[in-house]
Amino acid sequence: MKLAYYPGCVAQESGKELDMATRWVCRALGIELAEFPTFSCCGSGFVDEANEALNVAINVRNLAIAERAGLDLLTICSTCQGMLTLANLRYADPTVRAKVDRALHPLGIEYRGSVRVKHLLRVLVEDVGLPALRSKVRRPLGGLKVGAFYGCHLLRPSDETGGEPGEEPKSFESLLDALGAEPVYYRGRVLCCGFPIQFVKPETASRIAGKQIADARDHGADAMATPCPLCHISLDAYQNKAERAAGRSLGMPVFHLPQVVGLALGASPEELGLARHLVPTDAALAKIGPTARA
Amino acid sequence: MADATIPVPLDVYRFDPARDSAPRYQRYTLDLAPHTPVLSALLKIRAELDPTLSVRFSCRSAICGSCAMQVYSKSRLACETPVGPEVELHGRIVVEPMRNQPVVRDLVVDQAPFWKQYEGIEPHLKLDPAKPMPAGRTNPMSPEQVEAFHDTPRCIACAACFSACPAVEADPSFPGPMALAKLYRFVVDPRDTARQDRLVRIQTEGLWLCLRCHLCTDSCPKNVRPSERIRDLKEMAVAAQGATELGSRHAVGFKENLRSTGILNEMKLVRQTYGVVGTLGQVGQGIHVWRKKPEITKRPHPIEGAEEIEQIYKALDAEGDGR
């Protein structure tokens, strides 16, 4: 399987460990990543708020790059996934398309609409498949209770993301189960991490993050895992603020999606960049134990 | 021929603040055809098993908007939510009152917080007194003008979105999806003369607290799509007034951040939103993160072909915030 790898900004900057873990997991599973240094930022939903047509245009440019290479697009961020999917949909609207083409055609950029945008979570569950993944597990995550945290744009609006039910998904939990972890179901798993308003009203954003982490904790989670690096910033890098807002200590390790997969497939903590987390993951790793299965 | 019935276990939230110290869940098990709406199940419980169950409803046809409640974690009209899929998914049906509004009793909530937010956006046409409507005729609109409303006039004010909204839950100053979708409906109405005032006011009254989590859009029984109209309001507010608030400064700052490089500069974004002085307040958290992620202070390499991004910006600047 070969895919156009769209790492997004955060995985190339403060969230480099996500990029490291993605590359490790894709190598282990035989997923070939084609790289395009021409890809731009997806706008993260903020460009969409300022200028819808512009947001569609920069993302159609990204899609056109993958189309010229004849590849589908692999994302590793719920927000990139949402923005690129939205661009595919909105570009099909003739009014939007006319505006966008006015900007793209002079640059010789044409897009036929053939590229499918796939998040790593969907690739693992639908394309690699859980039985194949299960057969590659070398260190089952036995005993580790993990609360999946999806990230809104991967799920909703569910009639546009074309995935699973946007309020009651189960793909991530089924993946965790295949890795030998025990998925924890809690209400916050499909809610917002607070990131979009971290700049607008930090105390509200941190209250939201704190609530979701506390919810996972109260349902018995040893760790959380997220397919979105923006959620990871809210839940890990800003967990100190979330703790203050929640008025309690949380100490919740938060993994990126490919890090939990990598751990189960036998990667070392160094290969997955776990030392880069703000909240130490040691307690969670101790629960898994060094029981590598040959 | 009638469908075969299935056993349907319902765990119904029960609470009478006047008598109970805490809420409890009461289990009722009914044999029902899978297509039976949750509301019909609740009314059957009330008629045959427990006359004390309080539930609000009226039309039973998804028109009046009275029977919104939480069915498991989803905010739904009980009259149009069949029991079968819920039982298939969860093995039971948990029925709770709407969130973000105080419980009066059982499944009935006091909707005052919801209506207060609705009144706050002044949900009536503000006409120009100098231009009275011509006598004897209505005020015609073009098809394009009608199109601009999208589906906002279909809102039945059921409050399902208000119940689903995590921003409402975290911050009572957020007007909520319904009030903002209604605001949109007046902002695009060609008869309304207060468009500019409405857009300027909402910038400081909660517009930028929307999390764009789209739970409102997923829970709306009439496909009003509040989260998408809130996005439209943001773009219109920036065009009307410029980026004057933290929210709009962040959105426009983010946009400008990419203009010449095509890639996000995380540190620069902090300055663009908060300004130099405001950035000082972020230094503590910055150092906290920098200890583990030192590259946050580095300037990222521009993408290859960054000049294409700049060309696209030039071509489309006038379409949005007009900068």
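Residues numbered from 1 in each chain as written. Chains lettered and ligands numbered in written order. Predicted model: local features only at pLDDT ≥ 70, side-chain atom pairs only at ≥ 80, totals over all residues. Heavy atoms only, no water.

Undergrad: Can you lay out the overall build of chain A for me, pointing to particular residues and giving the numbers?
TA: Summing up its helical and strand segments, chain A has 15 helices and eight strands in all. Here chain A has a C-alpha radius of gyration of 19 Å; the compact-globule value for 294 residues is 19 Å, and the two agree. C-alpha atoms of chain A, sized along the principal axes, occupy 55 × 45 × 30 Å. With 294 residues in all, chain A has 67% of them scored as buried. In chain A, the proportion of contacts linking residues at least 24 apart, taken out of those at least 6 apart, comes to 77%. Total accessible area on chain A is roughly 9,600 Å²; 52% of this is exposed by carbon and sulfur atoms. Charge-centre separation for chain A: the mean point of 33 positive side chains lies 2 Å from the mean point of 32 negative side chains. (Helix = DSSP H or I, 4+ residues; strand = E, 2+ residues; numbered from the N terminus. Rg over C-alpha atoms; globule rule 2.2 N^0.38 Å. Buried < 20%, exposed > 50% of the residue type's maximum accessible area, 1.4 Å probe, protein only. Contact = heavy atoms within 4.5 Å. Areas by Shrake-Rupley, 256 points an atom, 1.4 Å probe, with all protein chains shown as cover. Lys, Arg positive; Asp, Glu negative; His and termini not counted. Charge placed at Lys NZ, Arg CZ, Asp CG, Glu CD.)

Undergrad: Could you give an account of helix α14 (residues 306-316) of chain B, naming the residues involved and the relevant values?
TA: Inspection of α14 of chain B places Ala306, Ile309, Ile312, Tyr313 and Leu316 of chain B among the buried residues, and these make up the whole buried set. The buried side chains of α14 of chain B occupy one side of the element, clustering within an arc of 110° when seen end-on. Exposed and facing more than 90 degrees away from the buried side of α14 of chain B are Glu307 and Lys314 of chain B. The inward-facing, buried residues of α14 of chain B abut α4 (52-68) and α6 (94-104) of chain A together with α11 (246-258) of chain B. (Arc of directions from axis to C-beta.)

Undergrad: Account for the sheet that holds strand β1 (residues 6-14) of chain B, naming residues and giving values.
TA: Residue and element names in this part refer to chain B. Taking strand neighbours across the sheet as the criterion, the five strands line up as β2-β1-β5-β3-β4 in an open arrangement whose pairing is mixed. Two strands in the sheet have a free side with no partner beyond their single neighbour: β2 (24-32) and β4 (74-77). Sheet twist, expressed as the average angle between the axes of neighbouring strands with direction ignored, equals 35°. With nine bridges joining them, β1 and β2 adopt antiparallel strand pairing. (Pairing = 2+ DSSP bridges. Axes fitted to C-alpha atoms, helices over the stretch in contact; angles between N-to-C directions.)

Undergrad: Explain the domain arrangement of chain B to me, using residue names and the numbers behind them.
TA: Splitting chain B by domain gives domain 1 (6-107), domain 2 (112-129 + 145-241) and domain 3 (256-311). Of note, the centres of domain 1 of chain B and domain 3 of chain B, computed from C-alpha atoms alone, are 49 Å apart. (Domains from an automatic or database assignment.)

Undergrad: For the sheet that holds strand β2 (residues 32-35) of chain A, give the residues involved together with the corresponding values.
TA: Residue and element names in this part refer to chain A. An order of β2-β1-β3-β4 is seen for the four strands of this open sheet, with the pairing classed as parallel. At either end of the open sheet lies a strand with only one pairing partner, and these are β2 and β4 (117-119). Taking each pair of neighbouring strands and ignoring which way they run, the sheet shows an average axis angle of 45°. Strand direction decides the pairing type here: strand β3 (residues 73-75) and β4, joined by three bridges, are parallel. Across the sheet, the residue bridging to Thr75 is His119, located in β4. Of the strands in this sheet, β1 (2-6), β3 and β4 touch helix α7 (residues 120-135), which is tilted by about 85° from β4.

Undergrad: Account for the environment of Met1 of chain A, naming residues and giving values.
TA: Residue and element names in this part refer to chain A. Take Met1: it is sitting in the segment before β1. A relative accessible area of 44% places Met1 in the partly exposed class. The spacing of Met1 and Ala223 is 222 residues in sequence and 31 Å in space, taken between C-alpha atoms. With sequence-adjacent residues up to four places away left out, Met1 is seen in contact with Gly30, Ile31, Glu32, Val123, Asp127 and Val128.

Undergrad: An account of the pairing of β1 of chain B is requested, with residue identities and associated values reported.
TA: Residue and element names in this part refer to chain B. Among the nine residues in β1, seven count as buried, and that is most of the element. Relative to strand β5 (residues 93-96), β1 runs parallel, the two being bridged by three bridges. Residue pairing in the sheet places Leu10 in a bridge with Ile93 of β5.

Undergrad: Let's hear about the packing of aromatic side chains: which residues, and what values?
TA: Under the definition given, this model contains ten aromatic pairs over all chains. Ring-pair connections join several aromatic residues into one group, and the members of that group are Phe114, Trp115, Tyr118 and Phe162 of chain B. In this structure, Lys241 of chain A packs its charged tip against the face of Tyr238 of chain A, placed 5.0 Å from the ring centre. Its guanidinium or amino end placed over the ring of Phe46 of chain A, Arg212 of chain B lies 4.5 Å from that ring's centre, counting from NZ or CZ. (Phe/Tyr/Trp six-rings, centres within 6.5 Å; stacked < 30°, edge-to-face > 60°. Lys NZ or Arg CZ within 6 Å of the ring centre and 35° of its normal.)

Undergrad: Describe in detail the nonpolar core, supporting the description with residues and values.
TA: Core analysis: the biggest nonpolar cluster contains 133 residues, and Leu175 of chain A together with Leu42 of chain B have the highest contact counts within it. No fewer than three residues from each of domain 1 (6-107) and domain 2 (112-129 + 145-241) of chain B sit in this core. Leu175 of chain A has contacts with Leu121, Leu124, Val125, Leu130, Leu133, Leu257 and Val261 of chain A, leaving out every residue within four places of it along the chain. Grouped together as the second largest cluster of nonpolar side chains are 75 residues, Val56 and Tyr91 of chain A together with Leu264 and Ile309 of chain B included. (Core = buried A, V, L, I, M, F, W, Y, C linked by side-chain atoms within 4.5 Å.)

Undergrad: Could you give an account of the interface of chain A and chain B, naming the residues involved and the relevant values?
TA: Counting from both sides, the interface comprises 68 residues of chain A and, opposite them, 70 residues of chain B. Carbon and sulfur atoms supply 58% of the area that chain A and chain B bury against each other, a total of about 6,200 Å² over both sides. Interface area lost by chain A to chain B is led by Glu49, Glu167 and Phe199 of chain A, which between them contribute 14%. Applying the counting rule to chain A against chain B returns 14 salt bridges. In this structure, Glu167 of chain A and Arg76 of chain B form a salt bridge, with 2.7 Å as the shortest nitrogen-oxygen distance. If you look at where chain A meets chain B, you find 32 residue pairs in polar contact (both at pLDDT 80 or more). Broken down by element, the residue count for the side of chain A that touches chain B peaks at six residues, all from α4 of chain A. Residues that form the side of chain A that touches chain B fall into these classes: 30 nonpolar, 17 polar and 21 charged. (Buried area = accessible area lost by both parts, 1.4 Å probe. Salt bridge = Lys/Arg side-chain N within 4 Å of Asp/Glu carboxyl O. Polar contact = N/O pair within 3.5 Å; in protein donor to acceptor, adjacent residues only side chain to side chain. Nonpolar A, V, L, I, M, F, W, Y, C, P; charged D, E, K, R; others polar.)

Undergrad: Describe the environment of Arg217 of chain A, with residues and values.
TA: Residue and element names in this part refer to chain A. With respect to the helices and strands, the residue Arg217 is situated in helix α11 (residues 202-218). For the pair Arg217 and Met252, spaced 35 residues apart in sequence, the C-alpha to C-alpha distance is 7.5 Å. Setting aside chain neighbours within four positions, we find Arg217 in contact with Asp222, Arg248, Leu250, Gly251 and Met252.

Undergrad: How would you explain a nonpolar patch on the surface if you had to name every residue and give the values?
TA: All names here are of chain B. Among the surface-exposed residues, Leu280, Val283, Ile287 and Trp290 lie close enough to one another that they form a single nonpolar patch of about 390 Å² accessible area. Looking at the nonpolar patch element by element, the count peaks at three residues for helix α13 (residues 283-290). Along the polypeptide, Trp290 turns up in helix α13. (Patch = residues over 30% accessible without salt bridge, like charges linked within 9 Å, V, L, I, M, F, W, Y side chains within 5 Å.)

Undergrad: Quick one: what's the story with the pattern of salt bridges, residue by residue and with numbers?
TA: All names here are of chain B. The final tally for this structure, using the stated rule, is 48 salt bridges over all chains. Note that Glu122 is salt-bridged to Lys126, the shortest N-O span being 2.8 Å. Taking the relative accessible area as the measure of exposure, Glu122 reaches 27% and is therefore partly exposed. According to the relative accessible area criterion, Lys126 is partly exposed, its value standing at 24%.

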